[in-house]
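Examination of the molecular architecture
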Amino acid sequence: MKGKKIGSLRLGLTFAGCFLGAGYVSGREMWQFFGRFGGWGWLGLCLALGSLGLLGAMTLLLVRRTGEQSLSALVIPWPVPWLRGSVSVFSVVFLFGIDSIMTAGAGALCSQSLGFSAAAGSLGFSLLVALLTLTGLEGMVSAFSLTVPVLTVCTIAISVLAAELLPAAPGAAEGRGWFFAALTFAAYNMFSSVAILAPLGEAAEPRQLRRGVALGTALLLLIAGPILFVLSRNGAAAARELPMLEIAVRLWEPLGYVFALLLLLAMLGTAFSCFLAGFRKAEEVSALVRRYRSGAVFLLSGLVWCASLLGFGTLIDVIYPLFGGCSVIFLGCMVYHYFRASGKKQR
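The structure displayed is predicted, hence computed values, not measured ones. As a convention, each chain's residues are numbered from 1 in the sequence order in which they are written. This being a predicted model, a pLDDT of at least 70 is required before a residue's local features are given, and a value of 80 or more before pairs of side-chain atoms are given or counted; all residues contribute to the totals for chains, interfaces and linings. To obtain the side-chain values, all non-hydrogen atoms of the structure were used and water was disregarded.

1. Remarks on the overall build of the protein
How we decide: Secondary structure elements are taken from DSSP: a helix is a run of H or I of four residues or more, a strand is a run of E of two residues or more, and numbering for both begins at the N terminus. We take the radius of gyration over the C-alpha atoms and set the globule estimate at 2.2 Å times the residue count to the 0.38 power. Burial here depends on accessible area, computed with a 1.4 Å probe over protein chains only, as a share of the maximum for the residue type. Under 20% is buried, over 50% is exposed, and the range in between is partly exposed. Note on contacts: a residue pair qualifies if any of its non-hydrogen atoms lie within 4.5 Å across the two residues. Throughout, the Shrake-Rupley method with a 1.4 Å probe supplies accessible areas, and for residues the shown protein chains are the sole cover considered. Residues scored as positive are Lys and Arg, those scored as negative are Asp and Glu, and His as well as the terminal groups of each chain are ignored. For this purpose, a charge sits on NZ of Lys, CZ of Arg, CG of Asp or CD of Glu.
On a plain count of helices and strands, the protein comes out with 16 helices and zero strands. For 347 residues, the compact-globule estimate of 2.2 N^0.38 gives 20 Å, and the C-alpha radius of gyration of the protein, at 19 Å, lies within 12% of that figure. Projecting the C-alpha coordinates of the protein onto the three principal axes gives extents of approximately 60 × 45 × 35 Å. The buried share of the protein, taken over its 347 residues, is 55%. In the protein, of all internal contacts separated by at least 6 residues, the share reaching a separation of at least 24 is 85%. Of the roughly 14,300 Å² of accessible surface on the protein, 68% is carried by carbon and sulfur atoms. Separation between the mean location of the 25 positive side-chain charges and that of the 14 negative ones in the protein comes to 12 Å.

Encoded structure:
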C-alpha cells in the first residue's frame, strides 16, 4: 500500500478484522478467556481489548517514527541478527499455527452445519486462502471492509434475540485466573497482528491512525459484549465447540445456516491475513520461495491443512496459551522500543 492513503474508517475495519476469526465470533474464545470467570471476565475483556487498542496504536506510530515495517525490527530494538531471526521464526510458526486453527474450524463448521467431511471442508478452505493470498494486501483490506460491518450487525442481532427468547441457564463460573487469561488473549492476538498492521502505519496520518484504532477497538467490544452476555446465560451452549452457532440453531434452524456463513467469513479473514503475513516473512528469508512464489503458496497451504487435521478444539487449546505466554515477552520489548523511539524524536 505504498503511496496509498487509508482513512480512519477503513483502518478501523481492518484493525477489527485482524482479530475476528472462528474463535472470536463463534464465542469459543469469549468463553475460554472471559465467560468462564463470571463477573471478573467482563473486567478481563475490557482489559484485553484496551490493551489491544493501545498496543495497536503503538505499533502503527512506531512504524511512522522508525520507518521500519519488519516485525523483528519493530519488536527487537537492538540490531542483534540472531535475536531478530528468532523472532521471525517464532512469528512465522505462530501465524501458520493460527491459520491451521482457522482451517480446522472451517472443517468443523462444514461438518456440523452441512454434514461434509471435516477433512474435505478444511482442504477446500485452505485452497481458497492460498488463492486469496495471491491477491496481496489490498485484497485483505477490501475483504475486511466488506465483512466486518455485516459480522458486527448480525452477531449483535443474534445475541439480542437469544437474550430475549432463550431461557437463562448459566454455567458454572471460576474465580481465579481471569487476569492471566486476559493478558494471554491480548498478547497472542496482538503479536499475530503486528506484521499485518505494520504496512498500514505509513498509510494513515497520526490523527486518523488513532481514530481508526479506537474505532476498531470499539467494534471488537461491540461484538464481544453481546456474545459474552448470551453465553453467560447459556452454559450448555457455551460448552460446545462453536457456542454461538449452537445459539443460532436454537433460535431458528435456518438462522444457523446464516450464522455458519458469517463464521466462515470470519475464519477466512483471519486465516487469509495470517497466511499472507507468514508467507511474506518466508519470502524475505528464502530466495527459493520468492522464485517459485505460487508453488510455495500452495505447498504451505497443504502443510497447514495437514496440521488442521489435529482438530479445532485441540489446536486452539494448545497454540493460543503457549504462544500467548511467549508473546508477552516480545510485546514488552516492542513497548520499550516505542518509548525509546519517542525519546529520540523529542531530542
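2. What about the confidence of the model for the protein?
Note the following rule: The predictor rates its confidence in each residue with pLDDT, a number between 0 and 100.
Counting all residues, the mean pLDDT for the protein is 86, and 95% of those residues have values of 70 or more. Across the protein, helix 4 (residues 39-66) holds the top mean pLDDT of 94, while helix 8 (residues 137-165) sits lowest at 77.

3. A look at the packing of helix 12 (residues 243-251) against helix 13 (residues 253-285)
Selection rule: Note on geometry: axes are lines fitted to C-alpha atoms, helical ones only across the stretch in contact, with angles between N-to-C directions running from 0 to 180 degrees. Note on angle classes: values under 35 degrees are labelled roughly parallel, values over 145 roughly antiparallel, values of 65 to 115 roughly perpendicular, and the remainder oblique. For any pair of crossing helices, the crossing counts as left-handed if the nearer helix is rotated counterclockwise from the farther one by less than a right angle, and right-handed if it is rotated clockwise.
Helix 13 packs onto helix 12 with a crossing angle of 155° between their chain directions and a minimal axis gap of 6 Å. Classified by the interaxial angle, the pair formed by helix 12 and helix 13 is roughly antiparallel. Judged by the twist between their axes, the crossing of helix 12 over helix 13 is right-handed. Residues Met244, Leu245, Ala248, Val249 and Leu251 of helix 12 touch helix 13, and the partners they reach there are Glu253, Leu255, Gly256, Phe259, Ala260 and Leu263.

4. Some details on the pattern of salt bridges
Oppositely charged side chains can form a pair if their charged atoms are brought close together. Here is the rule: Salt bridges are counted wherever a side-chain nitrogen of Lys or Arg sits within 4 Å of a carboxyl oxygen of Asp or Glu.
As enumerated under the stated definition, the model contains five salt bridges in all. Between Glu205 and Arg64 there is a salt bridge whose closest N-O contact spans 3.9 Å. Placement of Glu205 in the loop between helix 9 (178-197) and helix 10 (206-233) and of Arg64 in helix 4 is noted, with a sequence separation of 141 residues between them. Because the salt bridges share partners, they merge into one network encompassing Arg240, Glu246 and Arg250.

5. Section: the nonpolar core
Quick note on the threshold: By convention a nonpolar core is built from buried Ala, Val, Leu, Ile, Met, Phe, Trp, Tyr and Cys residues, the set being connected through side-chain atoms within 4.5 Å.
With 114 residues, the main nonpolar core has Tyr24, Phe34, Phe185, Ile247, Phe259 and Tyr320 as its most contacted residues. With near-sequence residues (within four places) excluded, Ile247 lies in contact with Ile158, Ala162, Leu166, Val230, Leu231, Asn234 and Ala237.

6. Focus on the environment of Gly17
Within the element layout of this structure, Gly17 appears in helix 1 (residues 8-17). Owing to a relative accessible area of 2%, Gly17 belongs among the buried residues under this scheme. In this structure, the C-alpha to C-alpha distance between Gly17 and Thr147, residues 130 residues apart in sequence, is 8.2 Å.

7. Structural notes on the state of the cysteines
What counts is decided by this rule: Any two cysteine sulfur atoms lying within 2.5 Å of each other are counted as a disulfide.
In this structure the tally under the stated criterion is zero disulfides. In this model Cys333 remains outside any disulfide bridge; the closest cysteine sulfur is found in Cys326, 12 Å from its own. The class for Cys333 is buried, based on a relative accessible area of 18%.

8. Here's the deal with the environment of Arg10
Counting through the fold element by element, Arg10 comes out in helix 1. Counting along the chain gives 35 residues from Arg10 to Leu45, while the straight-line C-alpha distance between them is 24 Å.

9. Topic: the packing of aromatic side chains
We count it as follows: Only rings of Phe, Tyr and Trp enter the pairing, Trp through its six-membered ring, and a pair is recorded when the two centres are within 6.5 Å. The plane angle decides the type: under 30 degrees is stacked, over 60 is edge-to-face, the rest tilted.
Evaluated as defined, the whole model comprises 20 aromatic pairs. Plain terms: the ring middles of Phe275 and Phe279 are 6.4 Å apart, the flat faces sit at 5° to each other, and that makes the pair stacked. Of the two residues, Phe275 and Phe279 are both situated in helix 13; the distance of four residues between them amounts to about one turn of the helix. Comparing Phe275 with Phe279 shows no difference in burial state: the two are buried.

10. A look at the side chain of Ser192
Operational definition: Whenever two N or O atoms come within 3.5 Å, that pair is a polar contact, provided that in protein one can donate a hydrogen and the other can accept it, and provided that, for residues adjacent in sequence, both atoms are side-chain atoms.
Mapped onto the elements, Ser192 comes out in helix 9. You can call Ser192 buried: its relative accessible area is 5%. Within the structure, the side chain of Ser192 is placed 3.1 Å from the backbone oxygen of Tyr188, a separation counted as a polar contact. Apart from residues lying up to four places away in sequence, Ser192 is in contact with Phe94, Leu95 and Ile98.

11. Details of a nonpolar patch on the surface
Rules: Only residues above 30% relative accessible area that lack a salt bridge enter a patch, with like-charged residues linked at up to 9 Å and the nonpolar side chains Val, Leu, Ile, Met, Phe, Trp and Tyr linked at up to 5 Å.
Residues Leu123, Leu127, Leu131, Leu134 and Phe298 make up a contiguous nonpolar surface patch of about 410 Å² in total accessible area. Ranked by the residues each element gives to the nonpolar patch, the list is headed by helix 7 (residues 118-133), at three residues. Here Leu123 is to be found in helix 7.

12. A few points about helix 15 (residues 293-308)
Side chains three or four residues apart in an α-helix point the same way, a direct result of the helix having 3.6 residues per turn. To keep things clear, this is the line we draw: Given the number of residues in a helix, its expected span is that number minus one, multiplied by 1.5 Å. Within this analysis, the arc is defined by the directions that extend from the helix axis to the C-beta atoms.
Along its 16 residues, helix 15 runs 23 Å from first to last C-alpha, staying within 8% of the 22 Å computed at 1.5 Å per residue. Along helix 15, the residues that are buried comprise Ala296, Val297, Leu300, Ser301, Val304 and Ser308. Taken end-on, helix 15 shows its buried residues confined to a sector of 135°, consistent with a single buried face. Facing away from the buried surface of helix 15 by more than 90 degrees, the exposed residues are Leu299 and Leu303.

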